[in-house]
Amino acid sequence: MEIYLLRHPKILSPKGICYGFTDFEATASQEEVDKIKTYLPNEFITYSSPLVRCKKLAKSFSSDPILDSDLKEMNFGEWENRYWSDIPKEEVELWTSDIVNKIVPGGESFLQVKARTENFLKRLGDKTYLVVTHSGVIRTFLNIFTGVPLENSFRFKIEFLSLTKITQTDEGIHVHYVNKI
């Protein structure tokens, strides 16, 4: 199995906004799309988060990408679309004290994002896939395939429009990261 994980472009929103499920617009240039295509094989199945910042990019690679809600970013619940500076500091500190297990008020935990990712993976076969998604979801893929603990997955710098290739064979797992498309 080969999975190419592509993070969406930089969103068009005010700086400092907390977003996960919030459906912000994002656009990649044709030059960026063409460059990404140079890293992809000729044939693959395209999956995408249904959020517009991913779906729009996925349509650059497939006229009919498969939209899957399990690929959405973490749900920040009551914090969605609020400035981080407006969220009570105590709430943020409580969440960051155990970012893997703590549930954002009205949202979900990082562990729940991982469970969604595992659910998605169960539906894949031994084929080649392009998955257009979000940094949190990409971190859970890396946790699942490399064993890096979830709490350490934030050390991975997942840039906008970065591409992570995961290859799983009988010989093992190989991860290749292309930053700065």
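Further up the page is the structure itself.
Residues numbered from 1 in each chain as written. Predicted model: local features only at pLDDT ≥ 70, side-chain atom pairs only at ≥ 80, totals over all residues. Heavy atoms only, no water.

**Brief notes about the environment of L142**
For clarity, the cut-off: Only DSSP runs of H or I covering at least 4 residues are called helices, and only runs of E covering at least 2 are called strands; the numbering of each starts at the N terminus. We call a residue buried when its accessible area falls under 20% of the maximum for its residue type, exposed when it is over 50%, and partly exposed in between, using a 1.4 Å probe and counting protein chains only. Whether two residues touch is decided by their heavy atoms; if any such pair falls within 4.5 Å, the residues are in contact.
Secondary-structure assignment places L142 in helix α5 (residues 135-146). Overall, L142 belongs to the buried group, its relative accessible area being 4%. Sequence separation of L142 and V131 is 11 residues, and the distance between their C-alpha atoms is 13 Å. In this structure L142 touches G147, V148, F156, I158, T164, I166 and V175, once residues within four positions along its chain are discounted.

**Some points on the nonpolar core**
Going by this rule: The definition of a nonpolar core used throughout is a set of buried Ala, Val, Leu, Ile, Met, Phe, Trp, Tyr and Cys residues joined through side-chain atoms within 4.5 Å.
The biggest cluster of nonpolar side chains holds 30 residues, and the ones touching the most others in it are I3, W79, L124, V131 and F141. Of all elements in the fold, only β1 (2-7), α3 (89-96), α4 (110-122), β6 (128-133) and α5 reach the threshold of two or more residues within this core. Take this core: its biggest share by element is five residues, from α5. Not counting residues within four places of it along the chain, the set of residues in contact with V131 comprises I3, Y4, L5, L6, Y47, L71 and F120. In this structure, A28, I36, L130 and V132 belong to the second largest nonpolar core, which totals 15 residues.

**A word on the packing of α4 against α5**
This is how the line gets drawn: Here, axes are lines fitted to C-alpha atoms. For helices the fit covers the stretch in contact, and angles between N-to-C directions go from 0 to 180 degrees. Under this scheme an angle from 65 to 115 degrees is roughly perpendicular, one under 35 degrees roughly parallel, and one over 145 degrees roughly antiparallel; angles in between are oblique. When residue character is reported, Ala, Val, Leu, Ile, Met, Phe, Trp, Tyr, Cys and Pro are called nonpolar, Asp, Glu, Lys and Arg charged, and the others, Gly included, polar.
With their axes 9 Å apart at the nearest point, α4 and α5 run at an angle of 70° to one another. In terms of orientation, α4 lies roughly perpendicular with respect to α5. Along the contact surface, α4 presents F110, V113, K114, T117, E118, F120 and L121, while α5 presents G136, V137, R139, T140, F141, N143, I144 and F145. Residue composition of the contact of α4 with α5, grouped by class: eight nonpolar, four polar and three charged.

**Notes on unusual backbone geometry**
Residues other than glycine seldom take positive phi values, yet N81 does so here, at roughly 65°. In this structure, N81 sits in the loop between β4 (66-67) and β5 (82-83). According to the relative accessible area criterion, N81 is partly exposed, its value standing at 44%. Positive phi outside glycine occurs at L161, with the angle close to 60°. For L161, the location among the structural elements is in the loop between α5 and β7 (163-169).

**Section: the sheet that holds β1**
Formally: At least two DSSP bridges between two strands are required for those strands to pair.
The six strands lie next to each other as β4-β3-β6-β1-β7-β8, forming an open sheet whose pairing is mixed. Only two strands of the sheet have a single neighbouring strand rather than two, namely β4 and β8 (172-178). Bridge analysis of β1 against β6 gives six bridges, and the strand direction is parallel. Across the sheet, L5 pairs through a bridge with V131, a residue of β6.

Limitation: the analysis is restricted to geometry and does not speak to function.
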